[in-house]
Amino acid sequence: MFENLLHQNASSQIKNDITKSIFPGAVLFAGPKGSGKLTCALETARILSCMQTPKARWNCTCPSCLRHKSLTQTNLLLTGPRDCTPEIKASRETFLCALKEKQSFLDATRYLFLRSIRKLTLRFNQVLWEGDDKLNKIAVVMQEIDENLELLDFPRALPEFEEVEKISEKLIKLTEKLETEFLYDSLPVSQVRNISSWARVKTAGEKNTVIIENADRMLENVRNALLKILEEPPENTVFILTATRRSAVMPTILSRVRLYNFVERSAENQLEVIRKVYHDEAFNGNVEEFLQGYLPLSPSELQRTAYSFVEEVTGGVIPEISSVIKDCKNFEPRDMLKIFLDRMNLLFRPLMKTSKGTLVLEEVNKAIFDCYNSVTVYNQGVQAAFERLARELIKINRLNGNIFRCVIM
């Protein structure tokens, strides 16, 4: 069990609870980004549905495990916001390199690429989107993705390298379209209601599993709808929630789930993850930095634009927001928004050196945090969120005697 989850002690606790048949119907995997929470959630779903006794290893060949490993299992629902594109691009490069060089681990990289795409497409299961006015448009893109995936999927023999390269490039474009045009930044309440209906349908045999990522980014009405399910969980369904900020999860939800803590892996362990999963021996950094290398803009480019934004605000000028958004590729994936705003936070750190800097910095941090939440939790447009941020920062600066002059030197 959990052979594919590296350097997380939480897996031992989960394994023990499953083995003793005391794994509960609702759990929370909490820990930093890139700590393997989704990997663990998917593996937990596989183990709970495994048809072997005792529960099998990763190489189990029972029908249920095979469907889970390919992420084609019908008793699994996966939802919640996530930036999937960087992982898909990184997996594609790993797969193509292995194919071109005829590496012994080719099949593993093939699985890696297919699974990275299905971590996105699973979020567009018709069960989740039933009643949504986007469903018909989503279905068109999904059909094209499925047709291209079939050409690369097991047990079919792979085409020649050049053909695989073309198919995988087409898949990149289709998945980018699916993510940027249709995936919500915050889980809609309609999906929680659809999950509730699906979970209450009695099935024989395999466990149903619902994985909800980034539960700390849910709106209050969504949390309340989820709470209703957790108060009376269906007998044959397990709910796995993930969160990077446990403190942001509603206390009444926390009281109804068992918590499993995930830790930040050491630098050495993160390098091992990158080398074992992506077979990159040259990269020297953490998992998050590795995946950031596959964003449309590099972190340094985003940070330079953030500096220009702060510079204009310090001068009392509202930046040309539409140009900022265009230069930053509409902040898609949303990881780019986080990098941009994190850089702004760092730029304002010198305020601490001033007499009233601590209080001012709290106001600044709140304005930046509110901007991030407006987009990623409340599904507000980036344009409106940034306009409000710029006005708020100019107001703070003016009311405190142009205190920002210590920021831009």
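Here's what I pulled together on the structure shown here.

What counts as what
- Residues numbered from 1 in each chain as written.
- Predicted model: local features only at pLDDT ≥ 70, side-chain atom pairs only at ≥ 80, totals over all residues.
- Heavy atoms only, no water.
- Helix = DSSP H or I, 4+ residues; strand = E, 2+ residues; numbered from the N terminus.
- Rg over C-alpha atoms; globule rule 2.2 N^0.38 Å.
- Contact = heavy atoms within 4.5 Å.
- Expected span 1.5 Å × (residues − 1).
- Buried < 20%, exposed > 50% of the residue type's maximum accessible area, 1.4 Å probe, protein only.
- Arc of directions from axis to C-beta.
- Phe/Tyr/Trp six-rings, centres within 6.5 Å; stacked < 30°, edge-to-face > 60°.
- Lys NZ or Arg CZ within 6 Å of the ring centre and 35° of its normal.
- Salt bridge = Lys/Arg side-chain N within 4 Å of Asp/Glu carboxyl O.
- Core = buried A, V, L, I, M, F, W, Y, C linked by side-chain atoms within 4.5 Å.
- Pairing = 2+ DSSP bridges.
- Right-handed = clockwise from strand over helix to strand, strands pointing away.
- Axes fitted to C-alpha atoms, helices over the stretch in contact; angles between N-to-C directions.
- Parallel < 35°, antiparallel > 145°, perpendicular 65-115°, else oblique.
- Left-handed = near helix turned anticlockwise from the far one by under 90°.

## Looking at the overall build of the chain
Then, number 1: For the chain, the helix and strand inventory stands at 18 helices and five strands.
Then, number 2: In terms of overall dimensions, the chain is globule-like: its C-alpha atoms have a radius of gyration of 22 Å, near the 22 Å expected for 409 residues.
Then, number 3: Taken along the three principal axes of its C-alpha coordinates, the chain extends 70 × 55 × 45 Å.
Then, number 4: The long-range share in the chain, meaning contacts at least 24 apart out of those at least 6 apart in sequence, stands at 75%.

## What about the side chain of Asp335?
Then, number 1: In this fold, Asp335 is placed in helix α16 (residues 335–347).
Then, number 2: When neighbours within four sequence positions are excluded, Asp335 is seen to be in contact with Lys33, Asp83 and Leu295.

## Quick word on helix α7 (residues 135–152)
Then, number 1: Between its first and last C-alpha atoms α7 spans 26 Å; for 18 residues at 1.5 Å apiece the expected length is 26 Å, and the two agree.
Then, number 2: All of the buried residues in α7 are Leu135, Ile138, Val141, Met142, Ile145, Asn148, Leu149 and Leu152. Relative to the axis of α7, the buried residues are bounded by an arc of 150° and lie together on one face. Seen from the open side of α7, the exposed residues pointing more than 90 degrees away from its buried face are Asn136 and Val140.
Then, number 3: Contacts from the buried residues of α7 go to α4 (85–100), α5 (106–121), α6 (126–129) and α8 (161–182).

## Observations concerning the packing of aromatic side chains
Then, number 1: In this structure the tally under the stated criterion is 16 aromatic pairs.
Then, number 2: A connected cluster of aromatic rings, assembled from ring pairs, spans Phe23, Phe29, Tyr260 and Phe262.
Then, number 3: Geometry around Phe154 places Arg110 over its ring, the cationic atom sitting 4.1 Å from the centre.
Then, number 4: Here the guanidinium or amino end of Lys134 rests over the ring plane of Tyr184, the centre of that ring lying 4.2 Å away.

## Brief notes about the pattern of salt bridges
Close approach of charged atoms allows side chains with opposite charge to pair.
Then, number 1: Under the definition given, this model contains 21 salt bridges.
Then, number 2: Measuring nitrogen to oxygen at the nearest pair gives 2.9 Å for the salt bridge that ties Arg46 to Glu43. Taken as a pair, Arg46 and Glu43 lie in helix α2 (residues 37–49) at a separation of three residues, close to a single helical turn.
Then, number 3: Classification of Arg46 as buried rests on a relative accessible area of 1%.
Then, number 4: A single salt-bridge network, built from bridges that share partners, covers Arg82, Glu87, Lys119, Arg123 and Glu213.

## Quick notes on the nonpolar core
Then, number 1: Ranked by size, the top nonpolar core spans 57 residues in total, and within it Phe124, Leu178, Leu226, Phe239 and Ile253 carry the most contacts.
Then, number 2: The biggest single contributor to this core is α8, with eight residues.
Then, number 3: For Leu178, the residues in contact, after removing those within four places along its chain, are Leu120, Thr121, Phe124, Ile138, Val141, Met142, Ile145 and Leu183.

## Some thoughts on the environment of Leu399
Then, number 1: Mapped onto the elements, Leu399 comes out in helix α18 (residues 382–399).
Then, number 2: For Leu399, a relative accessible area of 60% corresponds to the exposed category.
Then, number 3: As for Leu399 and Ile318, which are separated by 81 residues in sequence, their C-alpha atoms are 16 Å apart.

## Let's talk about the pairing of strand β3 (residues 208–212)
Then, number 1: Taking burial as the measure, the five residues of β3 include five buried ones, the bulk of the element.
Then, number 2: Of the two faces of β3, the one lined by Asn208, Val210 and Ile212 and the one lined by Thr209 and Ile211 are each fully buried.
Then, number 3: As judged from the four bridges shared by strand β2 (residues 76–79) and β3, these two strands associate in the parallel manner. Following the sheet pairing, Leu77 is matched in β3 by Val210.
Then, number 4: Of the strand pairs in this sheet, β3 and strand β4 (residues 237–243) are connected by five bridges, and their pairing is parallel. By the bridge assignment, Ile212 is partnered in β4 with Leu241.
Then, number 5: A crossover links β3 with its parallel partner β4, the connecting element being helix α10 (residues 220–231), and its sense is right-handed.

## Digging into the packing of α7 against α8
Then, number 1: The N-to-C vectors of α7 and α8 enclose an angle of 155°; their axes lie 10 Å apart at closest approach. Between α7 and α8, the angle is such that the two are roughly antiparallel. In this structure, α7 crosses over α8, and the sense of that crossing is left-handed. Touching Lys137, Ile138, Val141, Met142, Glu144, Ile145, Asn148, Leu149, Leu151 and Leu152 of α7 are Val164, Ile167, Lys170, Leu171, Leu174, Thr175, Lys177, Leu178 and Phe182, all from α8.

## With respect to the side chain of Thr209
Then, number 1: Looking at the secondary structure, you find Thr209 in strand β3.
Then, number 2: Overall, the relative accessible area of 0% leaves Thr209 in the buried class.

## Side note on the sheet that holds strand β5 (residues 258–261)
Sheet strands line up and pair through hydrogen bonds in the backbone, either parallel or antiparallel.
Then, number 1: Reading across the sheet, the five strands line up as β2-β3-β4-β1-β5 and stay open at both edges, with parallel pairing between neighbours. The sheet is open, and its two edges are formed by β2 and β5, each paired on a single side. Each neighbouring strand pair of the sheet contributes to a mean axis angle of 15°, computed without reference to strand direction.
Then, number 2: Judged from the four bridges that link them, strand β1 (residues 26–30) and β5 form a sheet pairing that is parallel. From the neighbouring strand, Ala30 faces β5, where its bridge partner is Asn261.

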